[in-house]
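Chain residues, written in single-letter form:
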Amino acid sequence: MPSKRKKSEVASGVAGVTIPPELLDPLVKGPMTPEEVQAACLSFKKALIERAMGREMTHHLGYRSGEARPEGQDNHRNGTTGKTVLTEDGPIRVEVPRDRDGSYEPILIPKHERRFTGFDDKIIARYARGMTVREIQGFLAEQYGTEVSPEFISPVTTRSWPR
């Protein structure tokens with residue numbers, strides 16, 4: 001007979017990260033449809049990305065948001081800029097922090113990047129299976145609800161899988 005799981009194992013995810021039940025309680029108030037689960041996952045991913053990029057900015061500037069600037073520090077936070085990022089789960093609109101002198105270089109999602117980790121792998125996998133660029137374009141529209149041009153897909157396929 002299989003053993004019962006401990007409660008802490010149920011909410012445990014990748015790399016042993018455990019999400020406390022009190023964090024999930026406001027999100028899950030009753031039965032959910034697959035679409036509601038997907039929407040909650042996208043919202044959580046958006047919040048996590050924005051929080052991580054905020055921490056990158058804190059590291060870059062050397063002080064936390066809301067704290068006084070250190071002596072001699074001329075650079076400071078300067079709001080955010082919206083950016084749509086394509087993820088494995090669909091497009092997400094994230095707010096990327098800016099600094100006054102423009103020296104902040106995001107690490108998680110670098111400047112001018114529109115794809116989040118794993119998205120290119122999906123394109124490459126389909127290309128390796130023999131799908132054309134147009135077929136991949138149709139797949140992305142159907143699966144993720146995002147319209148991309150063939151020019152968006154071609155650099156990914158030629159960079160990683162030359163035919």
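Fair warning: this is a prediction, and the values are worked out from it, not measured in the lab.

So, how was this worked out
Residues numbered from 1 in each chain as written. Predicted model: local features only at pLDDT ≥ 70, side-chain atom pairs only at ≥ 80, totals over all residues. Heavy atoms only, no water. Helix = DSSP H or I, 4+ residues; strand = E, 2+ residues; numbered from the N terminus. Buried < 20%, exposed > 50% of the residue type's maximum accessible area, 1.4 Å probe, protein only. Contact = heavy atoms within 4.5 Å. Areas by Shrake-Rupley, 256 points an atom, 1.4 Å probe, with all protein chains shown as cover. Phe/Tyr/Trp six-rings, centres within 6.5 Å; stacked < 30°, edge-to-face > 60°. Lys NZ or Arg CZ within 6 Å of the ring centre and 35° of its normal. Pairing = 2+ DSSP bridges. pLDDT = per-residue confidence, 0-100. Polar contact = N/O pair within 3.5 Å; in protein donor to acceptor, adjacent residues only side chain to side chain. Salt bridge = Lys/Arg side-chain N within 4 Å of Asp/Glu carboxyl O. Patch = residues over 30% accessible without salt bridge, like charges linked within 9 Å, V, L, I, M, F, W, Y side chains within 5 Å.

**Describing the overall build of the protein chain**
Item 1. Of regular secondary structure, the protein chain possesses six helices and two strands.
Item 2. Put simply, the protein chain has 163 residues, and 26% of those count as buried.
Item 3. Long-range pairs, those at least 24 residues apart, make up 52% of the contacts in the protein chain with a sequence separation of at least 6.
Item 4. Put simply, the protein chain shows about 11,500 Å² of open surface, and 54% of that area lies on carbon and sulfur atoms.

**Some points on the packing of aromatic side chains**
Item 1. Under the counting rule described, the total for this entry stands at zero aromatic pairs.
Item 2. The aromatic ring of Y63 is capped on one face by R77, whose charged end is 5.4 Å from the ring centroid.

**Observations regarding the pairing of strand β1 (residues 77–87)**
Item 1. As paired elements, β1 and strand β2 (residues 90–99) share nine bridges and run antiparallel to each other. The residue bridging T80 from the neighbouring strand is P97, located in β2.

**Some remarks on the confidence of the model for the protein chain**
Item 1. Residue-level pLDDT values for the protein chain average 81, and 84% of them are 70 or greater.
Item 2. Mean pLDDT values for the elements of the protein chain range from 45 in helix α1 (residues 7–10) up to 93 in β2.
Item 3. When the criterion is pLDDT under 50, residues 7–12 qualifies, and its contacts beyond four places in sequence or with other chains add up to seven contacts.

**Describing the side chain of T58**
Item 1. In this structure, T58 sits in helix α3 (residues 34–61).
Item 2. At 2.8 Å, the side chain of T58 forms a polar contact with the side chain of R77.
Item 3. In contact with T58, not counting residues within four places along its chain, are Y63, R64, S65 and R77.

**With respect to the pattern of salt bridges**
Between side chains of opposite charge, a pair can form when the charged atoms approach closely.
Item 1. Inspection of every chain in the model, using the stated rule, returns three salt bridges.
Item 2. With a closest N to O distance of 2.7 Å, K46 and E50 form a salt bridge. Here K46 and its partner E50 are both found in helix α3, four residues apart, which amounts to about one turn of the helix.
Item 3. For E50, a relative accessible area of 24% puts it in the partly exposed group.
Item 4. In this structure, K111 and E105 form a salt bridge, with 3.6 Å as the shortest nitrogen-oxygen distance.

**Concerning the side chain of K45**
Item 1. With respect to the helices, strands and loops of the structure, K45 is situated in helix α3.
Item 2. On the basis of relative accessibility, which here comes to 19%, the residue K45 falls in the buried class.
Item 3. Setting aside residues no more than four positions away along its own chain, K45 makes contact with T87, D89 and I92.

**Notes on a nonpolar patch on the surface**
Item 1. Among the surface-exposed residues, L23, L24, L27, V28, F44 and L48 lie close enough to one another that they form a single nonpolar patch of about 520 Å² accessible area.
Item 2. Position of V28 relative to the elements: it lies in the loop between α2 (21–24) and α3.
Item 3. We classify V28 as partly exposed; its relative accessible area is 44%.

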